[in-house]
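Listed below are the residues making up each chain.
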Amino acid sequence: MSDFYSREIDTTKPSAARLYDYYLGGTHNYPVDRAFAERIRDICPFAWDMARDNRDFLRRAVRFALGNGIRQFIDIGSGVPTVGNVHEAAHQIAPETRVVYVDNDTEAVVTSQDMLRDSTVATAIPGDLRHPDTILDHPRTARLIDFDRPVGLLIVAVFHFVSPRDNPRALLRSYLDRLAPGSYLALSHAAVDEATPLAREQYLNLEREYGSTSNPVYVRRRDEFTELFDGLDIVEPGVVYATDWRNVQPVDPHSPGRPCLYAAVGRKP
Ligand SMILES: C[S@@+](CC[C@H](N)C(=O)[O-])C[C@H]1O[C@@H](n2cnc3c(N)ncnc32)[C@H](O)[C@@H]1O
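Residues numbered from 1 in each chain as written. Predicted model: local features only at pLDDT ≥ 70, side-chain atom pairs only at ≥ 80, totals over all residues. Heavy atoms only, no water.

## Points about the site of the ligand
- Residues in close proximity to the ligand total 20 residues, the closest being Tyr20, Asn54, Arg55, Gly77 and Asp103.
- Between the ligand and asparagine 54 there is a distance of 2.8 Å, counted from an oxygen atom to a side-chain nitrogen or oxygen.
- Burial of the ligand by the protein chains amounts to 97% of its free accessible area of 600 Å².
- The cavity where the ligand resides is the largest pocket.
- Those elements that place two or more of their residues in the shell around the ligand are α1 (16–23) and α3 (47–67).
- Counting residues per element, the shell around the ligand draws most heavily on α3, which supplies three residues.
- Among the residues making up the shell around the ligand, the classes are represented as eight nonpolar, seven polar and five charged. (Near = heavy atom within 4 Å. Polar contact = N/O pair within 3.5 Å; in protein donor to acceptor, adjacent residues only side chain to side chain. Areas by Shrake-Rupley, 256 points an atom, 1.4 Å probe, with all protein chains shown as cover. 1 Å grid on protein atoms, 1.4 Å probe; cavity = no way out; pocket = protein on both sides within 12 Å on 5 of 7 lines; lining within 4 Å. Sits in = over half its atoms within 2 Å of the grid points. Helix = DSSP H or I, 4+ residues; strand = E, 2+ residues; numbered from the N terminus. Nonpolar A, V, L, I, M, F, W, Y, C, P; charged D, E, K, R; others polar.)

What follows is the structure, encoded as structure tokens:
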């Protein structure tokens, strides 16, 4: 498969990757993203906290997987490499850890590739979560990932961009079927079923706004999120809010965004 793809960035429409970068304080975003993000601040003030809470969950999940012997990660929907990326968190503990970043956003892939140009253990490829073979069979994936050994598959704050029409459970199954026993799947996902009425309304307003971007959001209920782990053993503490997943820091139980992001990690038996 050719490594050739358009490095052209569409700056006329906000993108999820660049918005998330802006929420996290990054600089890989454009006026169209910043204007949209500021509108989101009015519509759904806790969206920014959610981005930080999500990123913290991602890092805890990576450390958990490393603690269980994982030394290779595929991070799909990895985003712009804003501070504290997966390879940075992993290499603090195990510098030999291999990481393949995947995103369908040009800015995210281009900046990741530029950052990783000299790395022999981490790379970034363009790819769409909805086309597993193009990701798993990509030559750069094949170069870094040994599919005979367990892998940490990270699909964090991305699956809510997958429409119910894309058959989410079958899609995940196509990934998991290729992974060795002992592999881990980490997911976080937008939700509103346990939010307060006000937070629910605010989040649904955000969802409507994202409908105009290249990344519409589809919230899922707790049971729908849990079903995504079919065939896996969900590790403790189970399906919880992202803020609460193995977090030793104090959590504000009344924070409106807390119930708007489910998280869990499953192990392939
Ligand atoms: C909210 S960010 C999450 C970034 C990172 N996973 C994290 O949790 O910190 C969502 C990312 O998913 C990417 N994305 C959305 N739909 C995608 C798809 N179908 N395939 C690959 N990436 C996708 C966006 O471009 C964006 O970079």
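## A short note on the packing of helix α2 (residues 31–43) against helix α9 (residues 197–210)
- Close contact between α2 and α9 brings their axes to 9 Å; oriented N to C, the two are set at 160 degrees. In terms of their interaxial angle, α2 and α9 are classed as roughly antiparallel. Taken as a pair, α2 and α9 cross one another with a handedness that is right-handed. Residues Phe36, Arg39, Ile40 and Ile43 of α2 lie in contact with α9, whose contacting residues are Gln202, Asn205, Leu206, Glu209 and Tyr210.
- When grouped by side-chain class, the residues that make up the contact of α2 with α9 number five nonpolar, two polar and two charged. (Axes fitted to C-alpha atoms, helices over the stretch in contact; angles between N-to-C directions. Parallel < 35°, antiparallel > 145°, perpendicular 65-115°, else oblique. Left-handed = near helix turned anticlockwise from the far one by under 90°. Contact = heavy atoms within 4.5 Å.)

## Focus: the packing of aromatic side chains
- Summed over the entire model, instances satisfying the criterion amount to nine aromatic pairs.
- Consider the rings of phenylalanine 57 and tryptophan 245, whose centres lie 5.5 Å apart with planes at 90 degrees: the pair is edge-to-face. Of the two residues, phenylalanine 57 sits in helix α3 while tryptophan 245 sits in the loop between β7 (240–241) and β8 (261–267), which places them 188 residues apart along the sequence. Each member of the pair phenylalanine 57 and tryptophan 245 is classed as buried.
- For arginine 41, the ring lying beneath its charged end belongs to tryptophan 48, and the centroid distance is 3.9 Å.
- It is arginine 246 that lies over the ring of tryptophan 245; its NZ or CZ is 5.4 Å from the centre. (Phe/Tyr/Trp six-rings, centres within 6.5 Å; stacked < 30°, edge-to-face > 60°. Buried < 20%, exposed > 50% of the residue type's maximum accessible area, 1.4 Å probe, protein only. Lys NZ or Arg CZ within 6 Å of the ring centre and 35° of its normal.)

## Some words on helix α5 (residues 106–115)
- Along α5, seven of the 10 residues are buried, which leaves the element largely enclosed by surrounding structure.
- Of all the positions in α5, only Glu107, Ala108, Val109, Val110, Thr111, Ser112 and Gln113 are classed as buried.
- With a side-chain oxygen positioned 2.9 Å from the backbone nitrogen of glutamate 107, the residue opening α5 is aspartate 105.

## Examining the side chain of threonine 111
- Counting through the fold element by element, threonine 111 comes out in helix α5.
- A polar contact is formed between the side chain of threonine 111 and the backbone oxygen of alanine 108, at a distance of 3.3 Å.
- In this structure threonine 111 touches His28, Val80 and Pro81, once residues within four positions along its chain are discounted.

## Some thoughts on the environment of aspartate 75
- Note on placement: aspartate 75 falls in strand β1 (residues 72–76).
- Taking C-alpha positions, aspartate 75 is 6.3 Å from isoleucine 155, a pair spaced 80 residues apart along the chain.
- Aspartate 75 has contacts with Val86, Val100, Tyr101, Val102 and Leu154, leaving out every residue within four places of it along the chain.

## Overview of the pattern of salt bridges
- For the structure shown, the criterion picks out 18 salt bridges.
- A salt bridge links aspartate 166 to arginine 130, with the shortest nitrogen-to-oxygen separation between them at 3.9 Å. Here aspartate 166 is found in the loop between β4 (152–156) and α8 (168–176), whereas its partner arginine 130 is found in the loop between β3 (122–126) and α6 (132–136), with 36 residues between them in sequence.
- Taking relative accessible area as the criterion, arginine 130 reaches 38% and is therefore assigned partly exposed.
- One salt bridge in this structure joins aspartate 133 and arginine 178, with 3.8 Å as the shortest N-O distance. On the criterion of sequence distance, the pair formed by aspartate 133 in helix α6 and arginine 178 in the loop between α8 and β5 (184–190) is long-range, its members being 45 residues apart.
- On the accessibility criterion, arginine 178 (31% relative accessible area) is partly exposed.
- A network of salt bridges, in which partner residues are shared, links Asp128, Arg130 and Asp166. (Salt bridge = Lys/Arg side-chain N within 4 Å of Asp/Glu carboxyl O.)

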